[in-house]
Amino acid sequence: GTPLLSVTKADIHTMKLLSLPRDTLLKPLQAVTGIVERRNTLPILSNVLLEDDGDRLSLVATDLEIQVSTSVTVEGGGKGSRQGVTVSARKLLDILRALPEGVPVELDARDARLQVSAGRSRFSLQTLPAEDFPRLAAFESAEAPIRIAEGSLRALLGRVQYAMAQQDIRYYLNGLLLVTDGEMVRVVATDGHRLAYCQAHLPGSALARTEVIIPRKTVLELQRLLGEVDDPVAIDVATNQVRLRFGSVEMISKLVEGRFPDYQRVIPVGYRRRALVSREVLGAALGRASILTSDKFRGVRLALNPGTLRIQTSNAEQEEAVEEIEIDYDGDALELGFNVAYLQDVLGNLRCEQVSMAFGDANSSALLTVPGDESFRYVVMPMRI
């Protein structure tokens, strides 16, 4: 974290003329502007901070909870003092997107305006002073960072993030629990009706025991920014913040305070009734059956019998859908009700051929796992139908 810059009055609102290819500027701008809210009480929060450091141009955006920064090499930039300006992130992004690929773009900041020129196009944008831009406090972490491959972290988050709550008054559910211990990293998300758990083994690590809740918006933004690559992500955890560094991106986020539910108590063990079913076949059947559910009531009735699963939905107009699929099951007959969306979410976010479903009785939660993969668990509460 750089300290806030001391800027003499003469420097304010000036930035040396920069010229760089459109795509060189567009990519980092897209990386930082995802967190910028469309409507802000503070106008400067709609802006992106552009700082010219001579040979690098850095871009920073924040919503006061999350800060994303990145930088890009600038050819032939002048050396000298660091100069900066803030400008509407959305407008600059829209302008760059609308320009032809590969066209050189010139940026020139003076007199509270940023001039953006490309070919015969000219745009003059209002700016606000760089020194007014609010930065999250510099980062101090006592522990060694967690190191995990970018693609692995993306897959880990992808397997659980859909189970996070949205705007729940139990604010600690509006995020994802990250647990580190020794060689294990665990992530858990729950909205009180279902819970998704996934773990990754990092051989050779000696991670301190930590438990932090990362906010929902941070998790979704990470999903957007992380790639399917093996490059490392360094994750530092401090008392009330987490920092992730990957590629040229640095993301700092505040953490959610509060106590996450005891996920180990929620995950059932020892269920006797187990069924094996094709993920795609089950997903398609639920998709068809869900057409006749209403927005208010998303209930689906599952009837298990040896060899078959019967899926049934109905609505207030007395309309009904029935699907029957083949499953590998030889237990007793059992009928349960679930929210169909909770089943569709998990099936849509897994990449396996088959899923294993384990059941207690009609009033117990169901446990979905992936055959041959111990790292993932999904628990869904039943509903009365």
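Above: the structure in question.
Parameters and conventions
- Residues numbered from 1 in each chain as written.
- Predicted model: local features only at pLDDT ≥ 70, side-chain atom pairs only at ≥ 80, totals over all residues.
- Heavy atoms only, no water.
- Buried < 20%, exposed > 50% of the residue type's maximum accessible area, 1.4 Å probe, protein only.
- Helix = DSSP H or I, 4+ residues; strand = E, 2+ residues; numbered from the N terminus.
- Pairing = 2+ DSSP bridges.
- Axes fitted to C-alpha atoms, helices over the stretch in contact; angles between N-to-C directions.
- Contact = heavy atoms within 4.5 Å.
- 1 Å grid on protein atoms, 1.4 Å probe; cavity = no way out; pocket = protein on both sides within 12 Å on 5 of 7 lines; lining within 4 Å.
- Points joined across faces, edges and corners; volume = space filled by probe spheres on them.
- Nonpolar A, V, L, I, M, F, W, Y, C, P; charged D, E, K, R; others polar.
- Phe/Tyr/Trp six-rings, centres within 6.5 Å; stacked < 30°, edge-to-face > 60°.
- Salt bridge = Lys/Arg side-chain N within 4 Å of Asp/Glu carboxyl O.

Visitor: Can you help me understand the pairing of strand S15 (residues 241-246) in this one?
Guide: One face of the sheet, then the other: side chains in a regular strand alternate in exactly this way. Burial analysis of S15 places five of its six residues in the buried class, the great majority of the element. With four bridges joining them, strand S14 (residues 232-237) and S15 adopt antiparallel strand pairing. Counted as the bridge partner of Ala-234 is Arg-245 from S15. Linking S14 to S15, which pair antiparallel, is a turn of three residues. Where S15 folds back onto strand S16 (residues 249-254) in an antiparallel hairpin, the turn is made up of two residues, including Gly-247, whose phi is positive at roughly 55°.

Visitor: Could you clarify how one ought to interpret the sheet that holds strand S23 (residues 366-370) in this entry?
Guide: Strand pairs in the sheet, formed through backbone hydrogen bonds, run parallel or antiparallel to each other. In spatial order, the strands read S13-S10-S11-S12-S24-S23-S22-S17; together these eight strands make up an open sheet with antiparallel pairing. Whereas interior strands pair on both sides, the edge strands pair on one side only; in this sheet they are strand S13 (207-215) and strand S17 (273-278). On average, each strand axis in the sheet is inclined to that of its neighbour by 20°, with strand direction left out of account. Bridge analysis of strand S11 (residues 184-190) against strand S12 (residues 194-201) gives seven bridges, and the strand direction is antiparallel. Across the sheet, Met-184 pairs through a bridge with His-201, a residue of S12. Along the sheet face, helix H4 (residues 216-225) touches strand S10 (175-182) and S13 and points at about 100° away from the line of S13.

Visitor: Any chance you could explain empty space enclosed by the protein here in plain terms?
Guide: Empty space among the atoms becomes apparent when a probe as large as a water molecule is rolled across them. The tally for this structure, following the rule as stated, stands at two cavities of 30 Å³ or more. If you add up the space inside the largest cavity, you get close to 60 Å³. Lining the largest cavity, in full, are Leu-153, Leu-157, Leu-176, Leu-178, Val-187, Ile-214, Leu-222, Ile-235, Val-242 and Leu-244. At the level of elements, helix H3 (150-158), S10 and S15 are the ones that each hand at least two residues to the lining of the largest cavity. Looking at the lining of the largest cavity residue by residue, the classes come out as ten nonpolar, no polar and no charged.

Visitor: Can you help me understand the packing of aromatic side chains in this one?
Guide: Each aromatic ring pair is summarised here by two numbers: the centre-to-centre distance and the angle between the ring planes. For the coordinates displayed, the defined rule picks out three aromatic pairs. With a centroid separation of 5.9 Å and 45° between ring planes, the pair formed by Tyr-162 and Tyr-378 is classed as tilted. Taken together, the residues span a long stretch of sequence, with Tyr-162 in the loop between H3 and S10 and Tyr-378 in strand S24 (residues 373-380) at a distance of 216 residues. Pair check on accessibility: Tyr-162 and Tyr-378 agree, each one buried.

Visitor: Just checking my understanding: could you explain the sheet that holds strand S21 (residues 334-339) for this structure?
Guide: With antiparallel pairing, the four strands of this open sheet are ordered in space as S20-S19-S18-S21. Two strands lie at the open edges of the sheet, namely strand S20 (320-326) and S21, each paired on one side alone. Strand-to-strand twist across the sheet, computed as the mean angle between neighbouring axes with direction ignored, equals 20°. Across six bridges, strand S18 (residues 299-305) lies against S21 in antiparallel orientation. In the strand pairing of S21, Leu-304 is matched with Leu-334. Along the sheet face, helix H6 (residues 279-289) touches S18, strand S19 (308-314) and S20 and points at about 170° away from the line of S20.

Visitor: How should the pattern of salt bridges be read in this particular structure?
Guide: Two side chains of opposite charge can pair, provided their charged atoms sit close to one another. Throughout the structure, instances matching the rule amount to 19 salt bridges. Of the charged contacts in the structure, one is a salt bridge between Arg-22 and Asp-23, with a shortest N-O distance of 2.9 Å. Classification of Arg-22 as buried rests on a relative accessible area of 9%. Ionic pairing is found between Asp-345 and Arg-194, a salt bridge with its closest N-O pair at 3.1 Å.

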